[in-house]
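Structural overview for review
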Amino acid sequence: MRLSFLMLCIIFISSPVYSQEKGISIIKDLMDEADIPGMSMAKFRGENLQFIELGYKNIKTLEPIERNTMFQAASLTKVIIATLCLQLYEKKKINLSEPLWRTVPYPKLEGDKRARKITPRMVLSHTTGLPNWGKDKIILKNAPGTTFGYSGEAFVWLGMVLEKLSGKSLEDLAQEQIFDPLEMQNTSLSWKKEYVSQATSAYNEIELEESYNRFEKVNAAASLWTTARDYAIFMQALLSAKVLRWTSMTLMFNPRVSIEDTEDQLHWGYGIGLQFVNKRKALWHWGDNRLFRCFVFAYPDTKEGFVFFTNSENGLSFLNKFLQMQYPGFHPLVKWLDYLDYQSESLKARKELKLAFMYKDSSEALKVYERIHSSSPEAALQFGSSTYQLLRNQREYERALPLLRRQLRSKPTDALYWERYADALSKTHRYLSARQAYKRVIAAAPDQYFTVKNKFRWLEEGIKAQKNKKSVSNLQAYAGQYHDVQISLTKGQLWSQSFGQKTSLRLIPINESIFEVDGPVTYRYKFEIGDKNNIEGLVIYGIDGMINYYPKK
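Quick look at the structure, then. Remember, it's a predicted structure, so these values are computed and weren't measured experimentally.

Turning to the pairing of strand E21 (residues 547-551), a few remarks are in order. As defined by bridge partners, strand E20 (residues 535-542) adjoins E21 across 5 bridges and the pair is classed as antiparallel. Note that in E21 the partner of Val539 across the bridge is Tyr549. Where E20 folds back onto E21 in an antiparallel hairpin, the turn is made up of 4 residues, including Gly545, whose phi is positive at roughly 95°.

Below is the structure:
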């Protein structure tokens, strides 16, 4: 990996353990061993701020990570939202003890009256009882205000409340209260088209580039785009009472709830994690949107710490080693986060399984699975699920089917495994078999009917389209511009690319007018065919029924 000129900066300003040169060399080796293409780090102490950029934002073009390279900050978004909430509290625009429901009811929780007791304090301290993420209907895991339980869903609800009480969008509020005053010029709560040249690509653990959710709409738990420089500036301001008053900082930086089974060493404040070792308090939070993984750590007593961002699924596999390099000693947060270490046999086995199912024939790949299963059936299921996610995102559904059948032998009555199998059958246009598999989902979990009902409708349309299938002889007739969607013909295949997208999506014909998008997200394109067999327009719709119409130019 190539070192940019920014690496001339002195990074290890507080650690006597490593020289600058040796420290950079170790990080490079860590990244190589952990298959991490690119990383950006900022280290701060008081007003001092220094940087390091290593590796690439695109391993094909060899574009290097630079200071203005933007990453998804994932759950580090929550620290921003918590700060906005406390700023409104300072202005007496929000009561931290007032139930959220009185301001904005949350439809997903209509069926659980306990949710009407959830307050901003509970959201900030992760004691709402909500799961991390929920589907259409959510039942609380436990009574509000009783137990720590990390929840992104709760922050989404809090974000809605902040918008209601402030009369502004979260994006405008954040820009006005935090990003603009701190001159965080490369930071936003949602994706902007101008970020295309600045944003890094994202890679899975076998270093295949993957597409990802850009978060074109704000998600109060996960959608922040930023740079290591900008986030470090925010942390400096937070530690120095420049964005919050000291009284609010006390609320944020003091324990509100203990994290179970951590021997009273890990707690949560208002919006941020707390670690206590030898009576010294550290602030921390991690971010994980799977392909973007990041971490922030700080000691409030000396106002020092660091933040790093990576463009890799393996981006937190070297967390323990990295923390030891910066601040030697015991860090219980590492054990609680429980990421596989880059040197562990488990991570090596998971990587081997993914490589086998991506590049070997199914019989050889299944031998690798059986070897892992013989040592640890639980690990085989876990790594198999991770492998399926890879195959799904790489649109390798045919390769996924043998793996899913093998996993169903271990989980023959599990609704989740049946749904994955049904999804793969549907994506390979085995609609009749998929219909039977979805029935097994409902048999295993009757309450899943409302989750899969749209998939049944989707299958029926596919079955009908297959019965009425006619050969598509002139694919060139479909090519053209449909508002901001470009349909092109390349090597006998139709491809779709929307304005601002980096990648194109392959379209697979079901019949002469209906095409299915080859990808992990289920969409169909329905071309309107006129009286003279000319293509007049395009309807794009998803499995949830969302419809957009685009006339052909």
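Now that the structure has been shown, we can carry on.
Let's shift gears to the sheet that holds strand E1 (residues 38-45). Read across the open sheet, the 9 strands follow the order E3-E2-E1-E13-E12-E11-E10-E9-E8; overall the sheet is antiparallel. The open sheet has two edge strands with one neighbour each: strand E3 (63-64) and strand E8 (257-258). The sheet contacts of helix H8 (residues 319-326) involve E1, strand E12 (293-299) and strand E13 (304-310), and relative to E13 the element is tilted by about 150°.

Within the secondary structure, Glu171 sits in helix H5 (residues 170-179). For the buried Glu171, which has no salt bridge, the nearest side chain bearing the opposite charge is Lys192, at an N-O separation of 5.4 Å. A distance of 2.9 Å separates a polar atom in the side chain of Glu171 from a polar atom in the side chain of Ser188. At a separation of 2.9 Å, a polar atom in the side chain of Glu171 contacts the side chain of Ser190. With residues near it in sequence (within four places) discarded, Glu171 still touches Phe179, Ser188, Leu189, Ser190 and Val218.

With that settled, the discussion passes to the nonpolar core. Across soluble globular proteins, nonpolar side chains show a tendency to be buried alongside one another. The biggest cluster of nonpolar side chains holds 79 residues, and the ones touching the most others in it are Trp157, Tyr231 and Phe234. A total of 9 residues in this core trace back to one element, the largest contributor, which is helix H6 (residues 228-239).

Evaluated as defined, the whole model comprises 39 aromatic pairs. Relative to Phe308, the ring of Phe306 has its centre 6.2 Å away and its plane inclined at 5°; by these criteria the two rings are stacked. Comparing Phe306 with Phe308, the two get one shared label, buried. Aromatic side chains Tyr478 and Phe515 sit 5.2 Å apart centroid to centroid with 65° between the ring planes, which places their arrangement in the edge-to-face category. Note that Tyr478 is positioned in the loop between helix H16 (449-467) and strand E14 (480-482) and Phe515 in strand E18 (residues 514-517), a separation of 37 residues in sequence. With relative accessibility at 1%, the residue Phe515 sits in the buried group. The structure contains a cluster of three or more aromatic residues connected by ring pairs, namely Phe295, Phe297, Tyr299, Phe306, Phe308, Phe318, Phe322 and Tyr327. Just above the ring of Trp101 sits the side chain of Arg116; from NZ or CZ to the centre is 4.2 Å.

Quick look at the sheet that holds E18 now. Across the sheet, 8 strands lie side by side as E14-E15-E16-E17-E18-E19-E20-E21; this open sheet has antiparallel pairing. Each having just a single partner strand, E14 and E21 make up the two edges of the open sheet. Strand-to-strand twist in this sheet, taken as the mean axis angle between neighbours without regard to direction, amounts to 30°.

So, how was this worked out
- Residues numbered from 1 in each chain as written.
- Predicted model: local features only at pLDDT ≥ 70, side-chain atom pairs only at ≥ 80, totals over all residues.
- Heavy atoms only, no water.
- Pairing = 2+ DSSP bridges.
- Helix = DSSP H or I, 4+ residues; strand = E, 2+ residues; numbered from the N terminus.
- Contact = heavy atoms within 4.5 Å.
- Axes fitted to C-alpha atoms, helices over the stretch in contact; angles between N-to-C directions.
- Buried < 20%, exposed > 50% of the residue type's maximum accessible area, 1.4 Å probe, protein only.
- Lys, Arg positive; Asp, Glu negative; His and termini not counted.
- Salt bridge = Lys/Arg side-chain N within 4 Å of Asp/Glu carboxyl O.
- Polar contact = N/O pair within 3.5 Å; in protein donor to acceptor, adjacent residues only side chain to side chain.
- Core = buried A, V, L, I, M, F, W, Y, C linked by side-chain atoms within 4.5 Å.
- Phe/Tyr/Trp six-rings, centres within 6.5 Å; stacked < 30°, edge-to-face > 60°.
- Lys NZ or Arg CZ within 6 Å of the ring centre and 35° of its normal.

By themselves, these observations are geometric and do not establish any function.
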